[in-house]
Amino acid sequence: MGVVFGLLWLFTGFLQGVHGQGVYAPPTVRIVHSGQACNVEEERYSERVYTIKEGETLELQCLVTGHPRPQIRWTKTAGGASDRESSLHNETLRIQNINRHQGGRYYCKAENGLGSPAIRSIRVDVYYLDDPVITIHQSVGEAKEQFYFERTVFLRCVANSNPPVHYTWRRGREVLSQGSDSGVEIYEPFFTQGETKILKLKNLRPQDYADYTCFSSVRNVCGIEDKSAHFTLSNRTAPPSVKLLLDDPLVVNAGETITLVCVASGGDPHPSLKWMRPDGQQLPRRSVVKGGTLTVPAVAIDDGGVYSCVGSNNVGNPAKKTTTILVRGLRKGRFWITPDPYHNDDNIQIGREVKISCQVEATPPEELQFSWLKNGRPLRSSERMVITHTDTDVSPGTTNLDIIDLKFTDFGTYTCVASLRNGGTPEISIDVNISSTTVPPELTVPRGRSHLIAQEGDTVDLQCLVSGKPKPIILWSRVEESGVAAATATALMPDGSVQTESYDGILRISNVTREMSGTYRCQTSQYNGFNVKPREALIQLVVQFPPAVEPEHTEIRQALGRAFSLTCRLLRAHPARLLRYEWKLGTRLLTVGQFSDQRDDTNYHVRALNREGYGEYTCDITNEAGAGRCTFLVTGKANPPEFYYDTYSALWQSRPRVYGFKLQWTQMEPNAVDRILAYRLGIRQMGQSRWWEQEIPMEGTIQKGELLTYNLTELIKPESYLVRLTPITRYGEGDSTERIITYSAPVNPHLREFQCGFEDEALCLFSQDKNDVFDWTRHSAATRDTKYTPNTGPSSDRTGSKQGFYMYIETSRPRLEDDTARLLSPTFNSKSSSVSNNPTYCFAFYYHMYGKHIGALNVFLRQKGQAVTDTLVWSLTGNQGDRWRQAKVKIHPTTAFQMVIEGVRGSGIEGDIAIDDVAIEEGECKDPPPNNLRSLAPPSSPHIWQHCITLILALIGQQR
């Protein structure tokens, strides 16, 4: 706007204190709705049902009370605890384009650390209606080749919906109903609970060959329109049949393009075709489907498997044909050597038997073929060299070469060659050397490496040395310690696997953690080595880590002169011996020491805190691996204020373009630090950068739970403001708290509650009766002139504030005895005009009737029906003492109404009558709270900020 806005804050701050917990209160919660609901119903046990159409926007708001301000969390449960969805920490739950799966019970939970959390729920029912589908079936016992010739036929209509769907059948233009045609039966199976509608045509007649329409309806709930499906039944109607134009199985080479063709061989209506794989597997990513043709370019081995073509036309059952694709290839070639099984010896010896085994996975397995070479020359089976193969049906395929009565001349390199019979894929060759140096493996751990100590975060190598020829693969695993060195391997490896392979015998663990401590096993694998009992060795890994301590960081607020203690606790450490501690304040050393075996904590005591004692205290607990640190920030800063959000009618309308706001707060743990001397109040209009600040001085000591109040006035309507409040002690500024004040229209006459404290000049829409003798006057005790009437009238408003406003009748001259002043409330609209269902309201107000000439105070209920009637509902006369009292009266209006407050002048000038804090609330009257309020008056001298604001307002006025 380019114009600096001015704020004139009337220093009407007052303190309201109550003993004990004050205004601290556990949370309460209720759920209100907006958005696009179809209906909201109340159910038993306070559960509410919110009905919404699929695709609309769900909006639920959780309204909470309680102090401190409760934290709010939305959760959803659709059936059980395991079906819990992610939480939303916000007052408003908003779901755009809601779908049926998002229906269920939604919970709003509010908690503020006092009492039990408050929980309320609402069930969201999402309404929808899918397009219906008609399927045709024939009795199983009557199914013949001529499917629909003089047979009983069932037309089944199904539509997913919520609420349950209602169906209507029509044949041509004729509406079919039960009993309207002897050849037609209509029924709903019990087990489907109305979700299907079946039309039974008994012994088909010529007139039954017709167009059928199924209408599905949810009776227009939520504005959901009816839907329909059509089917033409004829003597040609038949279930689908399909056939495949390809070989089964289809054997192809990797990299080729394959085409699977499926055609409909029968069925009316013409079936639709779809290709699919079993168990929900996706079709290959590169595949292209066009009608019944599936094309897979550059087929890979993983693309092999079962493929099915399904034809459907909603008549009978879908037709299905299946084929298998075999992608030719060889994988996972490996070997092992088996010494003579008849002798208890793992070595190869002259004159004994030795077997070489070779294993390969092949697709298709029946094409797998093996051949053997010795030193590169073909080897054939003989009496001493026996070659055998496993059955082709067994996968993986294995071939064995048995050398009987090993001789020196048998030493050499034997090669196993695996190939596919029709070629098209590379061969796999495996070389195995048999010689005097071919010996079984042995495993050892290098000296000094069986027990390793590492620091957390290091990279550590576990090594097992393997000897023998050929050298097998080494398998690493972990074992659990149970008192015996080698327990069963159940713990996982650092990479999350159960077992890890190593070709060089080294297991490298990077960034080792304390959880990786334990026993590791290395053992030889059977494959690519000797088929003998595995060799194994164990390595113990110990990971050292610095002490873990608590608290790692905490803030302690203390007042000057107080004693306090700091405690640092040891949680765990390795090694846990020779632990030392060291206390410091900043860089200054305070004390050092060593832990005993009986203690797991260390303390530092401060007898009397001085200004030099504020700062950061650290406690370092050290071992060989490093140090763990506890940090304590000792400060005299006051805790943040806690804004009070449950203020009754906090906002009021002052003038047409100006509003006021009652700002209330409590002080968090006020006794933890020195006495709060003042608050710095900052306010900034949203969208602007300039802050206005003012100090609010505090008199006396603030108690825990004491409600502090400050009235903000001259706020420009309809702007919002950011308010910041900072406590100040002799230590300095404490922690700030911010909240946003948003303008909303003041309570209007049709809302459920109304409250007026007469703080604004507009009097909350109260008006003076034009037919009385004189008017009520708005005043505050700070400005009222009591020169002529010293023994009558209040000395403050009902809260005890001299700056607060109230209404009173001035009985000085020229007033005469029995003169009346009438104050009229706004007109309220009663919720019901039925005499048998009159709503109940509670009209409450505070009155002050002090003086020897007090007349009368009367309250009338004015109803505006066909005629205006005034009914006296409360009256009081005479001196009631120099104090405020509360009155409550129950009223039952049957039409639009006003409350009329009448003051009657007594016999003399000492008869001022005052009223304050008038309220109308729907429901029964509740017991009034105890009047235990107190106040602190503001300083009598004007603050410098008042002059500054006045000057700014004057400048703004000139600019306008």
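Everything numeric in this text was worked out from a predicted model, so none of it was measured.

Caption draft 1: Seen up close, the overall build of the protein chain. Per the secondary structure count, the protein chain includes 1 helix and 70 strands. When the 960 residues of the protein chain are sorted by exposure, 46% land in the buried category. In the structure as shown, the protein chain presents an accessible area of about 48,900 Å², 48% of it carried by carbon and sulfur atoms.

Caption draft 2: Just the side chain of Thr-323, in detail. In this fold, Thr-323 is placed in strand β26 (residues 319-339). A polar contact is formed between the side chain of Thr-323 and the side chain of Asp-248, at a distance of 3.0 Å. Ignoring any residue separated from it by four or fewer positions in sequence, one finds Thr-323 in contact with Leu-244, Leu-246, Asp-247, Asp-248, Gly-305, Val-306 and Tyr-307.

Caption draft 3: A look at the sheet that holds strand β15 (residues 184-187). In spatial order, the strands read β10-β11-β16-β15; together these 4 strands make up an open sheet with antiparallel pairing. Two strands lie at the open edges of the sheet, namely β10 (133-138) and β15, each paired on one side alone. Adjacent strand axes in the sheet meet at a mean angle of 20 degrees when their direction is disregarded. Across 4 bridges, the pairing between β15 and strand β16 (residues 196-201) is antiparallel.

Caption draft 4: Up close: the packing of aromatic side chains. Applying the stated criterion across every chain, the model contains 18 aromatic pairs. For the ring pair Tyr-841 and Phe-897, a centre distance of 5.5 Å and an interplane angle of 50 degrees mean the geometry is tilted. Of this pair, Tyr-841 sits in strand β65 (residues 841-849) while Phe-897 sits in strand β69 (residues 897-904), and the two are 56 residues apart along the sequence. Each member of the pair, Tyr-841 as well as Phe-897, carries the same accessibility label: buried. Where Phe-845 meets Tyr-847, the ring centres are 6.2 Å apart and the plane angle is 55 degrees; that geometry is what we call tilted. Of the two residues, Phe-845 and Tyr-847, both sit in the buried class. One aromatic cluster is present, built from ring pairs that chain together Trp-583, Tyr-604, Tyr-617 and Phe-632. The ring of Tyr-846 has Arg-798 lying over it, and the distance from NZ or CZ to the ring centre is 4.3 Å. One residue, Arg-822, lies across the ring of Phe-860, its end atom 5.3 Å from the ring centre.

Caption draft 5: Examining the pattern of salt bridges more closely. Overall, the coordinates contain 41 salt bridges when judged by the stated rule. Notably, a salt bridge pairs Asp-405 with Lys-407, separated by 3.4 Å at the nearest N-O pair. The class for Asp-405 is partly exposed, based on a relative accessible area of 36%. A salt bridge links Asp-674 to Arg-730; its shortest N-O distance comes to 3.2 Å. Taken together, the residues Asp-674 in the loop between β53 (658-667) and β54 (678-685) and Arg-730 in the loop between β57 (721-729) and β58 (732-733) connect sequence positions 56 residues apart.

Caption draft 6: Representation of the sheet that holds strand β66 (residues 856-864). Judged by pairing direction, the sheet is antiparallel, and its 5 strands sit side by side in the order β61-β64-β69-β66-β67 without closing on themselves. Of all the strands in the sheet, just β61 (767-768) and β67 (868-877) have a single pairing partner and so form its edges. Alignment of β66 against β67, held across 9 bridges, turns out to be antiparallel. Bridge pairing in β67 places Gln-863 opposite Thr-869.

Caption draft 7: Summary view of the state of the cysteines. Within this structure, the stated rule accounts for 8 disulfides. Bridging Cys-157 to Cys-214, the disulfide has an S-S length of 2.0 Å. The sign of the -90 degrees torsion about the S-S bond sets the Cys-157-Cys-214 disulfide as left-handed. Highlighted residues: Cys-157 in strand β11 (residues 153-158) and Cys-214 in strand β17 (residues 211-217), separated in sequence by 57 residues. Across this residue pair, the class does not change: Cys-157 and Cys-214 are buried. Among the cysteines around Cys-619, which has no disulfide bond, Cys-568 carries the closest sulfur, lying 3.8 Å off.

Caption draft 8: View of the confidence of the model for the protein chain. On average, the protein chain scores 85 in pLDDT, and the residues at 70 or more come to 86%. In this model, residues 483-489 is a region of pLDDT below 50 whose contacts with residues beyond four sequence positions or in other chains number 16 contacts.

Caption draft 9: A look at the nonpolar core. If you look at the biggest cluster of nonpolar residues, it comprises 33 residues, and the most contacted ones within it are Phe-766 and Leu-857. If you list the elements that add at least two residues to this core, you get β60 (753-756), β63 (805-809), β64 (820-824), β65, β66, β68 (885-891), β69 and β70 (913-922). Take this core: its biggest share by element is 5 residues, from β65. Formed by 28 residues, the second largest nonpolar core is a distinct cluster that contains Val-354, Ala-362, Leu-401 and Val-532.

Caption draft 10: Structural view of the environment of Tyr-847. Counting through the fold element by element, Tyr-847 comes out in strand β65. In this structure the C-alpha to C-alpha distance between Tyr-847 and Tyr-808, which are 39 residues apart in sequence, comes to 9.4 Å. If we ignore the near neighbours within four places in the chain, the residues touching Tyr-847 are Leu-857, Trp-874, Leu-876, Gln-880, Arg-883, Trp-884, Arg-885, Gln-886, Ala-887, Ala-914 and Ile-915.

Caption draft 11: Main features of unusual backbone geometry. The amide bond that connects Lys-469 to the next residue, Pro-470, takes the cis arrangement and shows omega of -5 degrees. Tracing the sequence through the fold places Pro-470 in the loop between β37 (465-469) and β38 (474-479). Geometrically, the link from Arg-813 to Pro-814 is a cis peptide bond, its omega value of 10 degrees lying close to zero. Unlike most non-glycine residues, Cys-764 shows phi in positive territory, near 55 degrees. Within the secondary structure, Cys-764 is located in the loop between β60 and β61. Take Cys-764: its relative accessible area is 15%, and that puts it in the buried class.

Caption draft 12: Structural context of the environment of Val-261. Looking at the element boundaries, Val-261 is found in strand β21 (residues 258-268). Judged by its relative accessible area of 22%, Val-261 is partly exposed. Spatially, the C-alpha atoms of Val-261 and Gly-291 are 9.1 Å apart, while their sequence positions differ by 30 residues. Setting aside its immediate chain neighbours within four residues, Val-261 contacts Lys-243, Leu-244, Leu-245, Leu-246, Trp-275, Gly-292 and Thr-293.

Caption draft 13: Summary view of the environment of Val-498. One can find Val-498 in the loop between β38 and β39 (500-502). According to the relative accessible area criterion, Val-498 is exposed, its value standing at 53%. Among all residues touching Val-498, those that are not within four sequence positions of it are Trp-476, Ser-477, Leu-492 and Met-493.

Basis of the calculations
- Residues numbered from 1 in each chain as written.
- Predicted model: local features only at pLDDT ≥ 70, side-chain atom pairs only at ≥ 80, totals over all residues.
- Heavy atoms only, no water.
- Helix = DSSP H or I, 4+ residues; strand = E, 2+ residues; numbered from the N terminus.
- Buried < 20%, exposed > 50% of the residue type's maximum accessible area, 1.4 Å probe, protein only.
- Areas by Shrake-Rupley, 256 points an atom, 1.4 Å probe, with all protein chains shown as cover.
- Polar contact = N/O pair within 3.5 Å; in protein donor to acceptor, adjacent residues only side chain to side chain.
- Contact = heavy atoms within 4.5 Å.
- Pairing = 2+ DSSP bridges.
- Axes fitted to C-alpha atoms, helices over the stretch in contact; angles between N-to-C directions.
- Phe/Tyr/Trp six-rings, centres within 6.5 Å; stacked < 30°, edge-to-face > 60°.
- Lys NZ or Arg CZ within 6 Å of the ring centre and 35° of its normal.
- Salt bridge = Lys/Arg side-chain N within 4 Å of Asp/Glu carboxyl O.
- Disulfide = S-S within 2.5 Å.
- pLDDT = per-residue confidence, 0-100.
- Core = buried A, V, L, I, M, F, W, Y, C linked by side-chain atoms within 4.5 Å.

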